[in-house]
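Per-entry structural report
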Amino acid sequence: MGETVELDVLEAPRLTESAGAVFAVLAQAGSATRPQLASLAGLSKPTVSSAVAELEAARLATHSGTASSGTGRSAAVYCLGPAAGAVLAVDLGPAVTRVRGCALDGALLAEATASRKDAADAVREALGVLPEGVPLRSIVVAVGDVAARDRLGSGMRPATAKAGPAFDAMAVALPQGVPVQLENNVNCAALAELHEGAARGRHTFGYLRIGVGIGLGIVVGGQVLRGSNGAAGELARLPYPWDDGREPRQEALEEYIGARSLLRRAREAWEAADGPCPRTTERLFALAGAGTATAGEIVGRHAADVGRLAAAVTAVLDPGLIVLGGSTGADPQLLPGVRAELARLSWPTEVVSSTVGDSGTVAGAARLAVARGVQTVTQAARPKD
């Protein structure tokens with residue numbers, strides 16, 4: 001285990017309101033001329049000129065070149081300066097930890113990947129690659145759990161024992177004094193689908209993750225719905241089984257649909273003539289795709305189960321679109337069965353496979369971290385004297 005990486009943790013300068021607004025639009029645009037900043041921020045050109053001068057003096061913006069206006073005149077182009085800072089995003093996955101460091105305009109600065117048990121090392125590796133002297137503004141950690149205030153009220157941590165120990169082991173590598181936000185990993189993946197994946201251009205949808213566990217990211221009006229306890233979309237808590245003489249148990253539905261039970265059903269149904277029984281879901285789906293009858297039947301049953309869960313989601317939310325993700329849910333072989341079962345049980349709803357892949361959660365966490373980092377710089381904005 002390496003030592004904790006020391007980074008600058010600088011308090012953002014107190015900006016005027018107009019400078020804060022210009023900084024926010026510059027972070028979103030990446031680079032822009034003063035006329036473009038005026039248009040994006042809805043401010044006058046003289047106000048923008050004053051704001052840009054203020055940002056340059058604070059090293060929050062810098063002149064990065066010129067652009068032709070098409071009339072023979074050139075305009076100065078600005079981008080974020082070195083004092084704008086960086087953010088860190090951590091996907092504390094069930095098996096793999098992914099870490100990204102980004103500038104406040106979203107540009108990728110660092111990446112690291114490690115096993116879950118070596119999550120702290122992945123964090124240190126990414127921190128060590130960030131440019132020297134660039135202050136860290138925000139950290140977002142995606143966990144497979146609900147985030148909650150700890151009993152002392154001193155910060156956020158996973159609400160249950162599901163992700164708590166892994167979070168605590170990773171947190172020792174985080175720099176002190178930087179705001180840390182915990183977010184559910186499925187919510188982060190839903191954000192990635194919204195901005196760069198299968199739900200791009202759709203403002204309301206459900207992201208249904210099926211893998212080792214199950215979960216739902218709910219996006220309404222372009223915003224993730226978290227609920228009053230931060231637990232919206234916790235499908236594992238749906239009562240199951242719901243039948244005469246059988247008592248529902250917490251997370252019993254997740255146990256039934258999750259990857260471990262899928263492989264157990266494969267072992268129970270496997271025939272010697274089919275060859276070696278698959279030991280991973282990836283192998284099971286590969287055999288189904290190759291035409292192995294038993295594998296195809298198991299995958300077909302899994303698709304029907306996921307379709308029934310999708311029907312429950314549709315009955316409550318009517319999202320119009322469901323994106324299937326996760327280690328088993330994203331496999332296109334599930335689509336026909338899920339669509340058929342959903343159509344049988346509910347009203348028409350589009351179902352597509354995730355397109356962001358394994359990096360979706362950390363990509364969504366990075367988006368949250370960038371938004372939080374920009375807010376950290378601009379929230380101290382004061383009215384112009």
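Residues numbered from 1 in each chain as written. Predicted model: local features only at pLDDT ≥ 70, side-chain atom pairs only at ≥ 80, totals over all residues. Heavy atoms only, no water.

The criterion, for reference: UniProt positions are given in the numbering used here, feature names are shortened, and annotations may be inferred rather than shown by experiment.
As named in an unreviewed UniProt entry, the chain is NBD/HSP70 family sugar kinase, taken from Streptomyces achromogenes. The annotation that UniProt attaches to the chain under Sequence similarities (unreviewed entry) is "Belongs to the ROK (NagC/XylR) family."

**Some thoughts on the overall build of the chain**
What counts is decided by this rule: Only DSSP runs of H or I reaching four residues or more are called helices, and only runs of E reaching two or more are called strands; each is numbered from the N terminus. For every residue, the accessible area (1.4 Å probe, protein chains only) is compared with the maximum for its type, and the residue is labelled buried under 20%, exposed over 50%, or partly exposed between those bounds. Between two residues, a contact is recorded if the distance between any of their heavy atoms is within 4.5 Å. Exposure was quantified through the Shrake-Rupley algorithm and a 1.4 Å probe, taking into account, for residues, occlusion by the shown protein chains and nothing else. Counted as positive: Lys and Arg. Counted as negative: Asp and Glu, with His and the chain ends omitted from the count. Working definition for charges: the position is that of NZ of Lys, CZ of Arg, CG of Asp or CD of Glu.
For the chain, the helix and strand inventory stands at twelve helices and 15 strands. Overall size of the chain, expressed as C-alpha extent along the three principal axes, is 75 × 50 × 40 Å. Each of the 385 residues in the chain was classed as buried or not, and the buried ones make up 48%. Considering only intrachain contacts with a sequence separation of at least 6, the fraction spanning at least 24 residues in the chain is 61%. Just so you have it, the chain exposes about 18300 Å², and 51% of that area is on carbon and sulfur atoms. Seen as two clouds, the 36 positive and the 39 negative side-chain charges of the chain have centres 3 Å apart.

**Structural notes on the packing of aromatic side chains**
Definition in use: Planes of paired rings set the category: under 30 degrees apart is stacked, over 60 is edge-to-face and the rest tilted, where pairs are Phe, Tyr or Trp rings (Trp by its six-membered ring) whose centres lie within 6.5 Å. Lysine and arginine charges are scored as sitting over a ring when NZ or CZ, respectively, is within 6 Å of the ring centre and within 35 degrees of the ring normal.
Under the counting rule described, the total for this entry stands at one aromatic pair. When the ring centre of Tyr256 is taken as origin, the NZ or CZ atom of Arg265, which lies over that ring, is 4.6 Å away.

**Considering the nonpolar core**
Going by this rule: To qualify as a nonpolar core, a set must consist of buried Ala, Val, Leu, Ile, Met, Phe, Trp, Tyr and Cys residues joined through side-chain atoms within 4.5 Å.
By size, the foremost hydrophobic cluster in this structure holds 48 residues, and its most contacted members are Phe23, Leu37, Leu55, Leu60 and Phe205. The element best represented in this core is helix α12 (residues 360-378), accounting for eight residues. Contacts of Phe205, omitting those with residues within four sequence positions, involve Ala190, Glu193, Leu194, Ala199, Gly217, Ile218, Val219, Pro319, Leu321 and Val323. If you look at the next biggest cluster of nonpolar residues, it comprises 33 residues, including Tyr256, Leu287, Ala303 and Val306.

**So, the layout of surface pockets**
Here is the rule: Definitions used for this entry: grid spacing 1 Å over protein atoms alone; cavity, a set of points where a 1.4 Å probe fits but cannot get out; pocket, an open set with protein on both sides within 12 Å along at least 5 of 7 lines; lining residue, one with an atom within 4 Å of a point. Grid points are joined across faces, edges and corners, and a volume is the space filled by probe spheres set on the points. Put simply, Ala, Val, Leu, Ile, Met, Phe, Trp, Tyr, Cys and Pro go in the nonpolar bin, Asp, Glu, Lys and Arg in the charged bin, and everything else, Gly too, in the polar bin.
Within this model, the largest pocket holds a volume of roughly 1200 Å³. Residue lining of the largest pocket: 46 residues in total, with Pro94, Arg209, Gly211, Val212 and Gly213 positioned closest to the centre. The leading source of residues in the lining of the largest pocket is helix α8 (residues 259-269), at four residues. Of the residues belonging to the lining of the largest pocket, the class tally is 14 nonpolar, 19 polar and 13 charged. Considered as a void within the structure, the second largest pocket measures approximately 660 Å³ in volume. Broken down by element, the residue count for the lining of the second largest pocket peaks at seven residues, all from α12. Of the residues in the lining of the second largest pocket, the class split is twelve nonpolar, five polar and five charged.

**Concerning the packing of helix α10 (residues 293-317) against helix α11 (residues 335-345)**
Where we set the bar: Lines fitted to C-alpha atoms define the axes here, with helix axes fitted over just the stretch in contact, and angles between the N-to-C directions of these axes take values from 0 to 180 degrees. Note on terminology: angles under 35 degrees are roughly parallel, angles over 145 are roughly antiparallel, angles of 65 to 115 are roughly perpendicular, and the others are oblique. Definitions for this section: a left-handed crossing has its near helix turned counterclockwise from the far helix by less than a right angle. A right-handed crossing has that turn clockwise.
The contact between α10 and α11 brings their axes to 7 Å, and the two run at 45°. Compared by their axis directions, α10 and α11 come out oblique. In the crossing of α10 with α11, the sense of the turn from one axis to the other is right-handed. Here Ala303, Ala304, Val306, Gly307, Arg308, Ala310, Ala311 and Thr314 of α10 lie close against α11, whose contacting residues are Gly337, Val338, Glu341, Leu342, Arg344 and Leu345.

**Here we look at the sheet that holds strand β3 (residues 74-80)**
Defined as follows: Only strands that DSSP links by at least two bridges are regarded as paired with each other.
One open sheet accounts for three strands, arranged β1-β3-β2; its pairing is antiparallel. The two strands at the open ends of the sheet, each matched to only one other strand, are β1 (31-33) and β2 (61-68). Averaged over all pairs of adjacent strands, the angle between their axes in this sheet comes to 35°, without regard to strand direction. Where β1 lies against β3, three bridges are found, and the strand directions are antiparallel. Looking across to β3, one finds that Ser31 is bridged to Cys79.

**Some remarks on the environment of Ala269**
Here Ala269 lies in helix α8. Between the alpha carbons of Ala269 and Ala295 there is a distance of 9.0 Å; along the sequence they are 26 residues apart.

**Overview of the environment of Ile322**
Among the structural elements, Ile322 can be located in strand β14 (residues 321-325). By relative accessible area, Ile322 is classed as buried at 1%. Taking the C-alpha atoms as reference points, Ile322 and Leu216, 106 residues apart in sequence, are found 9.7 Å from one another. Those residues in contact with Ile322 that lie beyond four places of it in its chain are Gly206, Leu208, Ala310, Val313, Thr314, Thr349, Glu350, Val351 and Val352.

**Section: the state of the cysteines**
Basically, it comes down to this: Cysteine sulfur atoms that pair up within 2.5 Å are treated as a disulfide.
One pass over the full model with this rule turns up zero disulfides. In this structure Cys79 is a free cysteine whose sulfur lies 16 Å from that of Cys102, the closest cysteine sulfur available. The closest cysteine sulfur to the non-disulfide-bonded Cys102 is located on Cys188, 13 Å from its own sulfur.

**Notes on the pattern of salt bridges**
Short version of the rule: For salt bridges, the criterion is a side-chain nitrogen of Lys or Arg within 4 Å of an Asp or Glu carboxyl oxygen.
In the structure shown here, the tally under the stated rule is 13 salt bridges. Of the charged contacts in the structure, one is a salt bridge between Arg367 and Glu196, with a shortest N-O distance of 3.3 Å. Of this pair, Arg367 sits in helix α12 while Glu196 sits in helix α6 (residues 185-196); the two residues are 171 residues apart in sequence, bridging distant segments of the chain. Given the relative accessible area of 36%, Glu196 is considered partly exposed. As a salt-bridge pair, Asp305 and Arg308 come within 3.5 Å of each other at their nearest N and O atoms. With a gap of three residues between them, Asp305 and Arg308 both fall in helix α10, about one helical turn apart. Given the relative accessible area of 6%, Asp305 is considered buried. On the accessibility criterion, Arg308 (43% relative accessible area) is partly exposed.

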